[in-house]
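Here's the letter readout for the chains.
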Amino acid sequence: MTAPVADRPPYGRLIEDDRVHGSLYTDERVFADELERIWYRTWVYVGHESEIPEPGDYVVKSIGPQSIIMSRDRQGVVHLLLNRCSHRANQICESARGNTGALRCQYHGWTFGTDGSLLGYPFRQGYGPDTPKSGLGLGRVTRSDSYRGFVFGSFAAEGPTLLEHLGAAREALDRVARLSPVGRVELTAGWLQHEVRANWKMLVENETDGYHPQFVHSSIFEVGESHVAEVYSEKSAATARDLGDGHTEHDLRPQFRRHDVPLGWFGTTEDRLPDYCRSMRAAYGDGTAREILVDGSPHIMIFPNLFIAEIQLFSIQPLAVDRTVQHVTPLQFAEAPDLNRRLLHQVSGSVGPAGFLLADDSEMYERNQRGVAALRPEWLVLRRGLNRERIDDDGHLAGAATDETTQRGIWRHIRTLLTEEESA
Ligand code: FES
Ligand SMILES: [Fe+2]
């Protein structure tokens, strides 16, 4: 399965510190290497435990092109199973979600428990006594683990633990959770899917790109009454940060603290969400609740596919070198019904079918993909902010709001993963 090293594109030369080669977005061989060395090796975000609250619940998710069933068995344990019958490989789950005592394959009727074990097959005499059921369960993702209900899977038997993988990005998941008075995220609003004709890395790079919003999103800034446009300007106090291991964030807190308005990050004020603010103060105390409400929700890209953008959560799914799906849902929080309602409305305005935000980004992804197919000038330039990068108090590389510190961080990690020795 692994291509001899000599046949691999020379990643060390195609990914430089301040520019990357266009073929990295268009070459099928690169995509194959990425599946093997990134998507089928590192930890990938799959789903959230709140999507399957009851025993027998399941949802169909993905790791790259692999269809994954995330299920909760009768004992309440979460499993990541491959959506492929162990008989002759029919796809088991067609519906996106459900609750069941057993998953039944439509082709010849084999049935499986929600823990993936084979329960039975029709006309058993045909198998005789020497066909054990035990080795014929559904395939499973080699390792799975969760943090604050966010479930990740990895096809590598060994390697960093989930917490090691999350590293400095873990704190952002804490920051999301504490927006709930009881500290719990609930992804219960349903999902939209947007498919784009573009390479997945264009999306990942764009998620923490603070340079484009003034141009690409000017229409939404004009109709909105928030301070968002300032966040993405040269005067912004926001920070583009490389958190290491491919994780990047656009830390908007310095800018929101400058304004010091609770819920300013959400474009609203406390009097519009009185119940929520009351519950937050009761849960955390006045001082901490105020801090949380001023700082708001993070803007973080957890490599390779989990993007939390203040009010919504995206999961990025590459299907081919030039085809990517963005699955998106509004963030929802336990014990915060009035906040949740408002989140839902805002998210339909940003990424819904007639939304202002994602459509603009998607247009850019597709134009980018068409542009990068042109033969010259071969390279993409990632130099912005090199002259003013610094190491912050936590030891991370940090740049100004509109700098390409984040893109350079993403590519450094991709280069490491694509050039690692086989034994690593
Ligand atoms: S392929 Fe599933 S039962 Fe035959
Ligand atoms: Fe954007």
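Everything quoted here is computed from the prediction, not taken from an experiment.

For the rest of this paragraph, the subject is the overall build of the protein. When its secondary structure is counted, the protein shows 14 helices and 21 strands. The C-alpha atoms of the protein give 23 Å as radius of gyration, which agrees with the globular expectation for 424 residues (22 Å, within 12%). A principal-axis box enclosing the C-alpha atoms of the protein has dimensions of 75 × 60 × 40 Å. Taken across its 424 residues, the protein has 42% of its residues classed as buried. A separation threshold of at least 6 residues defines the contact pool for the protein, and within that pool the share at least 24 residues apart is 62%.

The strands making up a sheet associate through backbone hydrogen bonding, with each pair oriented either parallel or antiparallel. Spatially, 12-18-17-16-15-14-13-21-20 is the arrangement adopted by the 9 strands of the open sheet, whose pairing is antiparallel. Because the sheet does not close on itself, it has two edges, and the strands there are strand 12 (192-196) and strand 20 (390-391). Bridge count between strand 14 (residues 247-251) and strand 15 (residues 299-302): 2 bridges; the pairing is antiparallel. Its bridge partner being in strand 15, E249 is matched across the sheet by I300. The sheet contacts of helix 14 (residues 405-419) involve strand 13 (239-244), strand 14 and strand 21 (397-400), and relative to strand 13 the element is tilted by about 15 degrees.

All right, on to the nonpolar core then. Most often, soluble globular proteins keep nonpolar side chains buried together rather than apart. If you look at the biggest cluster of nonpolar residues, it comprises 101 residues, and the most contacted ones within it are V46, I68, M70 and I308. Ranked by residues supplied to this core, first place goes to helix 14 with 5 residues.

On to the domain arrangement of the protein. The domains assigned to the protein are domain 1 (45-147) and domain 2 (171-419). Using C-alpha coordinates to define each centre, domain 1 is positioned 33 Å away from domain 2. Listed as interface residues are 8 residues of domain 1 and, on the opposing side, 12 residues of domain 2. Its residues assigned to classes, the side of domain 1 that touches domain 2 comprises 3 nonpolar, 4 polar and 1 charged.

Looking now at the packing of helix 5 (residues 200-207) against helix 13 (residues 358-372). Across the interface, helix 5 lies against helix 13 with an axial gap of 10 Å and an inter-helix angle of 130 degrees. Taken together, the axes of helix 5 and helix 13 are oblique relative to one another. Considering only the axes of helix 5 and helix 13, their crossing is right-handed. Across the interface between the two elements, M202, L203 and N206 from helix 5 touch D361, Y365, N368 and Q369 from helix 13.

Moving on: the sheet that holds strand 8 (residues 111-112). Pairing is antiparallel in the open sheet, where 3 strands are placed in the order 7-8-9. Unpaired on one side and paired on the other, strand 7 (103-104) and strand 9 (118-120) mark the two borders of the sheet. Alignment of strand 8 against strand 9, held across 2 bridges, turns out to be antiparallel. In the sheet register, F112 faces strand 9, and the bridge partner there is L118.

What follows deals with helix 2 (residues 28-39). Those residues of helix 2 that sit buried are V30, F31, E34, R37, I38 and W39. On an axial view of helix 2, the arc spanned by its buried residues comes to 150 degrees, and they lie on one face.

The sheet contact formed by strand 12 and strand 18 (residues 323-330) spans 5 bridges and is antiparallel. Bridge pairing in strand 18 links L192 to V328. As paired strands, strand 17 (residues 312-320) and strand 18 are joined by 8 bridges and run antiparallel to one another. Opposite I316, over in strand 18, you have Q326 as the bridge partner. Counted between consecutive antiparallel strands, the loop separating strand 17 from strand 18 contains 2 residues.

Inspection of the secondary structure puts G167 in the loop between helix 3 (162-166) and helix 4 (170-177). On a C-alpha basis, the gap between G167 and H247 in space is 8.8 Å, while along the polypeptide they are 80 residues apart. Among all residues touching G167, those that are not within four sequence positions of it are L243, G244, D245 and H247.

Another point: unusual backbone geometry. In this model, F303 is joined to P304 through a cis peptide bond whose omega is 0 degrees. You can see P304 is positioned in the loop between strand 15 and strand 16 (306-309). The omega torsion across R376 and P377 is 0 degrees, close enough to zero to call that bond cis. On the secondary structure map, P377 appears in the loop between helix 13 and strand 19 (379-381). Of note, the phi angle at F123 is positive, near 55 degrees, even though the residue is not glycine. When you line up the elements, F123 lands in the loop between strand 9 and strand 10 (143-147). Look at F123 and you get exposed, because 8 C-beta atoms sit within 10 Å.

Rules of the game
Residues numbered from 1 in each chain as written. Chains lettered and ligands numbered in written order. Predicted model: local features only at pLDDT ≥ 70, side-chain atom pairs only at ≥ 80, totals over all residues. Helix = DSSP H or I, 4+ residues; strand = E, 2+ residues; numbered from the N terminus. Rg over C-alpha atoms; globule rule 2.2 N^0.38 Å. Buried ≥ 20, exposed ≤ 12 C-beta atoms within 10 Å, placed from the backbone. Contact = placed C-beta atoms within 7 Å. Pairing = 2+ DSSP bridges. Axes fitted to C-alpha atoms, helices over the stretch in contact; angles between N-to-C directions. Core = buried A, V, L, I, M, F, W, Y, C linked by C-beta atoms within 7 Å. Domains from an automatic or database assignment. Nonpolar A, V, L, I, M, F, W, Y, C, P; charged D, E, K, R; others polar. Parallel < 35°, antiparallel > 145°, perpendicular 65-115°, else oblique. Left-handed = near helix turned anticlockwise from the far one by under 90°. Arc of directions from axis to C-beta.

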